[in-house]
Amino acid sequence: DLGYAWAGVGRDDGREGGEHNPIFYRPSVLACQQSGTFWLSPTPEQPGSRFEGSPLPRICTWCRFQRVGEKPFLFFNTHFDYLSSTVQEKSAALLLARVPVLAGLYPAVLVGDFNCAPRSPAHRLLATSFFKDARDAAAGLPPERNVNARAGTFTDFRSPYEAAIVLSGEETVDHVFTSGFRVERREV
C-alpha cells in the first residue's frame, strides 16, 4: 500500500464500465472534500452521453481538495475526443462553463489528454480564458525549473526519454492549465 486513494467512475455507465479519468491523491496530505464526474456532452449528468460526432463517451473527473490550514482548491482530469476538433471545442466550452460553478472563487487545476496541439481551437479557448497554460506560464523559468521545455507529450508508446528527444513541443496533446496558482516548476 502506497497510501493513495482515488476518485472517479467509468465513462460508459458512471460506475465501473469503460475508461476512467481517476484522480489519485494521498489522504495523509490532502483531504478530498467532494468529488464527481461529468460527461462531455449536452447532458453532462447522464452516464455514457457524448457530443454528436464523438465515437466514445468522454468525461471529466474532479475533486475538491484541502490541506490542513490552507484554502481548498479543485482538481479536474479530462480526456477529449481525438477525431473532431468541433467536439474538442464543445468540450472546452463545457469545461469553461462548469469549472467556475464547481470551483467558485477557489483556485483550480485542469489536466488531461486534450488530444489537441497548442494553438488549436480548443486549446486557444482554454488558454485565453481564466485558465493559464502551465507551458506558457513556465516559459520564463530557468531550464532547471522548466525541464524538457521543448518536448512533446504524444509519445506514440515510446519511452519517456526517447519521446522527449524525438518529439517537438508541437506534438503536445496533454496539457496542464491553472487558475489561481503560480507555476514554479514544469517538467515533461
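Refer to the preceding data block for the structure.
As the structure is a computational prediction, the values presented were derived from the model and not from experiment.

## Brief notes about the nonpolar core
The biggest cluster of nonpolar side chains holds 23 residues, and the ones touching the most others in it are Phe76, Phe80, Leu110 and Leu126. Of all the secondary-structure elements, those providing two or more residues to this core are strand E4 (59–66), strand E5 (73–79), helix H1 (85–103), strand E6 (108–113) and helix H2 (121–127). Contact partners of Leu110, with chain neighbours within four places excluded, come to Phe76, Thr78, Leu95, Leu126, Phe131, His175, Val176 and Phe177. Within the second largest apolar cluster, seven residues are counted, among which are Ile23, Leu30, Phe65 and Phe73.

## Description of the environment of Arg150
Structurally, Arg150 can be placed in the loop between strand E8 (146–147) and helix H4 (160–166). By relative accessible area, which is 74% here, Arg150 ends up exposed. For the pair Arg150 and Thr172, spaced 22 residues apart in sequence, the C-alpha to C-alpha distance is 9.5 Å.

## Quick look at the pattern of salt bridges
Across all of its chains, the model carries six salt bridges by this definition. One salt bridge in this structure joins Arg58 and Glu19, with 4.0 Å as the shortest N-O distance. Taken together, the residues Arg58 in the loop between strand E3 (31–39) and E4 and Glu19 in the loop between strand E1 (5–7) and strand E2 (23–25) connect sequence positions 39 residues apart. For Arg58, a relative accessible area of 4% puts it in the buried group. Using a relative accessible area of 30% as the deciding quantity, one classes Glu19 as partly exposed. Among the ionic pairs, Glu184 bridges to Arg182, the shortest N-O distance being 2.4 Å. The network of salt bridges with shared partners includes Arg11, Glu19 and Arg58.

Analysis parameters
Residues numbered from 1 in each chain as written. Predicted model: local features only at pLDDT ≥ 70, side-chain atom pairs only at ≥ 80, totals over all residues. Heavy atoms only, no water. Core = buried A, V, L, I, M, F, W, Y, C linked by side-chain atoms within 4.5 Å. Buried < 20%, exposed > 50% of the residue type's maximum accessible area, 1.4 Å probe, protein only. Helix = DSSP H or I, 4+ residues; strand = E, 2+ residues; numbered from the N terminus. Contact = heavy atoms within 4.5 Å. Salt bridge = Lys/Arg side-chain N within 4 Å of Asp/Glu carboxyl O.

Purely geometric stuff here, so don't read any function into it on its own.
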